[in-house]
Amino acid sequence: MANSALRILRIDASARHTGSATRALTDKFLTGLRNVGVVAEITNRDLADGMPLIDEAWVTANFTPPTERSAAAQATLSFSDMLVEELERTDLIVLGAPIYNFGVPASLKAWIDQIARARRTFQYTPDGPKGLLTQKRAVIITASGGTKIGSDIDFSTGYLRHILGFVGITDVSIIAADQQMVDEQKAEQNAQRNLEQVLDDVLGYVQQPLTD
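Note that the structure is predicted; figures quoted are calculated from it, not measured. (Residues numbered from 1 in each chain as written. Predicted model: local features only at pLDDT ≥ 70, side-chain atom pairs only at ≥ 80, totals over all residues. Heavy atoms only, no water.)

1. Structural notes on the packing of aromatic side chains
- A full pass over the atoms with the stated rule returns two aromatic pairs.
- Aromatic pair Phe-122 and Tyr-124: ring centres 5.4 Å apart, planes at 85 degrees, arrangement edge-to-face.
- A residue is classified by how much of its surface remains accessible, and Phe-122, at 6% relative accessible area, is buried.
- Their ring planes at 45 degrees and their centres at 4.4 Å tell us that Phe-122 and Phe-166 sit as a pair that is tilted. Here the residue Phe-122 occupies a position in strand β4 (residues 122–125), and Phe-166 occupies one in helix α6 (residues 157–166), the gap between them amounting to 44 residues. Comparing Phe-122 with Phe-166 shows no difference in burial state: the two are buried.
- Taken together, the ring pairs connect Phe-122, Tyr-124 and Phe-166 into an aromatic cluster. (Phe/Tyr/Trp six-rings, centres within 6.5 Å; stacked < 30°, edge-to-face > 60°. Buried < 20%, exposed > 50% of the residue type's maximum accessible area, 1.4 Å probe, protein only. Helix = DSSP H or I, 4+ residues; strand = E, 2+ residues; numbered from the N terminus.)

2. A word on the packing of helix α1 (residues 21–35) against helix α7 (residues 184–206)
- Where α1 meets α7, the axes come as close as 10 Å, and the angle between the chain directions of the two elements is 40 degrees. At the point where α1 passes α7, the crossing takes the right-handed sense. Contacts between α1 and α7 involve Leu-25, Lys-28, Phe-29, Gly-32 and Leu-33 on the former and, on the latter, Ala-191, Gln-192, Leu-195, Val-198, Leu-199 and Val-202.
- A per-class count over the contact of α1 with α7 returns eight nonpolar, two polar and one charged. (Axes fitted to C-alpha atoms, helices over the stretch in contact; angles between N-to-C directions. Left-handed = near helix turned anticlockwise from the far one by under 90°. Contact = heavy atoms within 4.5 Å. Nonpolar A, V, L, I, M, F, W, Y, C, P; charged D, E, K, R; others polar.)

Dropping the structure here:
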């Protein structure tokens, strides 16, 4: 990868544009990459701008074999196709995902429903499901008011790791500013330490030579 631009998909799931901890940390992470000389092509996907829910027409179209889909069915899946194509051409997903009520924001769940598609991003095999979005990495940037990341009441980060792995993205790092309402200073310090560690890890990945 050392001789080409890193293709980054930035996804923001916070409902807030102002005062969002995950947006601020994502900005800081991407600035950190630029500061160490990483050349990147960044695609931005802001889920706060709106993310449609899947419905009966969507499910019917998705379950119809591609060669048999009508023009209407193709149109129904066109937005989902666009989201999947964003993932397919990406090397690194940087996902800003605050914890809302112990889980992921509704807009992020809606995005997941749009991109988790049998025969497109995963397939079932005799050995179980196999993800098709391989050779990619992801960084989850999360924040919480009181939920401790990795605790029994964190239903967000484990789910995100699972769903990313389900579609083939198994190399996942987490930057967390958790329990901000318990100890804001400690949360910021932990987040900065996480961020520096993940930056070093991603820099090592970027500096690896291209294999194809």
